[in-house]
Amino acid sequence: MSTLETLLKDFVFERVLSHNTRTKLIYLLGRVKGEACILSLEKLAYDDTSIPTLSQHVNKLKDEVENNIYGWGLGNIQLDKVNTQIKYIYPATELHIRKYQEQARYMIRETPTVYTQVTKPYIDSIPAERIDWVRNILQGKAEVDRVLYHDKDPKHGFVVLPDMKWDGQPDSMYLVAIVMNPDLLSLRSLTAEHIPLLKRIRSTCQRIAKEQQGLTGNDDTLYPQEFRLFLHYQPSYYHLHIHITALTMQDPPGAMAGQAHLLDTVIDNLELYPDYYQKASLSYVIGEQHPLYSSYKTWVEQIEQI
Ligand code: G7M
């Protein structure tokens, strides 16, 4: 039995952490053998091959309404196809539980001083093992057969592979490029010195998206492309990585203002101002359960007392 099968069988439900009725994504907290386990269940889009015959599979119709040329109702479409992506975190820590818990969110304007006095100490306090899964990928110990590109140069190399969020459908292509150099923590670490690396990531991802997913893209910046490349600030882990998502995903997770920074803009900023990301204020949205939020609030309270 696979780990996922065993977890599903032994999962004892405790509570719903969050339920997004628009994205049809639900996070559940439960226990497996006494330890906390987070399950996420996300409804998948209809499979392309089923679409032409969907109307023939509707049953249990109810709550029908008719009005002139308009009408609607509720029904059940049962198809013999996979319809849910299931993910787990096990054993889940208190931090994971807080991360997926429904919560208020705030916009924080991070000046270079806030970065030095609040964010950087927070990053330094994160236990190294938190990103063991990244090291496993970089060292070829996990997800090996999923890797699409790997330049193992410790300073200039990077790996490209499908993001955990991708359900494998071409329309929702979601790749992630992770740099080999562990000294690059986030956007804040980037200077003009890294422009060649960022440009190689851009062109490699363009080639992969084109060759493997048939998406249009070209290193020529005049050429329109069918995907976006961006970085998160704040990221969820501090080892530099870049997201690549198909534009057909109309509302991809994490592509909102207050979180996503287009790679093209990052390269431009560095070309114009080599130390842009050390000098700029970067605003970001954060949940009140995030440890960085409490560090920031404590810092503000201290400033107010002075
Ligand atoms: O930029 P930010 O830190 O928010 O994004 C991290 C990205 O890494 C997310 O898009 C996650 O879905 C992805 N991710 C997280 N984990 C734990 C894994 C993993 O184990 N494998 C892969 N392929 N992607 C992951």
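Definitions and limits used
- Residues numbered from 1 in each chain as written.
- Predicted model: local features only at pLDDT ≥ 70, side-chain atom pairs only at ≥ 80, totals over all residues.
- Heavy atoms only, no water.
- Axes fitted to C-alpha atoms, helices over the stretch in contact; angles between N-to-C directions.
- Helix = DSSP H or I, 4+ residues; strand = E, 2+ residues; numbered from the N terminus.
- Parallel < 35°, antiparallel > 145°, perpendicular 65-115°, else oblique.
- Left-handed = near helix turned anticlockwise from the far one by under 90°.
- Contact = heavy atoms within 4.5 Å.
- Nonpolar A, V, L, I, M, F, W, Y, C, P; charged D, E, K, R; others polar.
- Pairing = 2+ DSSP bridges.

A. Expanded view of the packing of helix H5 (residues 195-213) against helix H6 (residues 263-272). The contact between H5 and H6 brings their axes to 10 Å, and the two run at 155°. It follows from the interaxial angle that H5 and H6 lie roughly antiparallel. When you trace H5 past H6, the crossing you get is left-handed. Contacts from Ile-195, Leu-198, Lys-199 and Arg-202 in H5 reach Leu-263, Asp-264, Val-266, Ile-267, Leu-270 and Glu-271 in H6. For the contact of H5 with H6, the per-class residue count stands at 6 nonpolar, no polar and 4 charged.

B. View of the sheet that holds strand S10 (residues 174-179). Taken together, the 6 strands give an open sheet; going across it, the order is S8-S9-S10-S12-S11-S13, and neighbouring strands pair in antiparallel fashion. Taken across any chain shown, the strands that pair with only one partner, and hence form the sheet edges, are strand S8 (149-151) and strand S13 (260-262). Taking the axes of each pair of neighbouring strands and ignoring which way they run, one obtains an average angle of 25° across the sheet. Pairing of S10 with strand S12 (residues 241-246) involves 5 bridges; the strand directions are antiparallel. By the bridge assignment, Ile-178 is partnered in S12 with His-241. Running at roughly 30° to strand S9 (residues 158-162), H5 makes contact with S8, S9, S10, strand S11 (227-232) and S12 of the sheet. Running over the sheet, H6 touches S11, S12 and S13 and is turned about 65° from S13.

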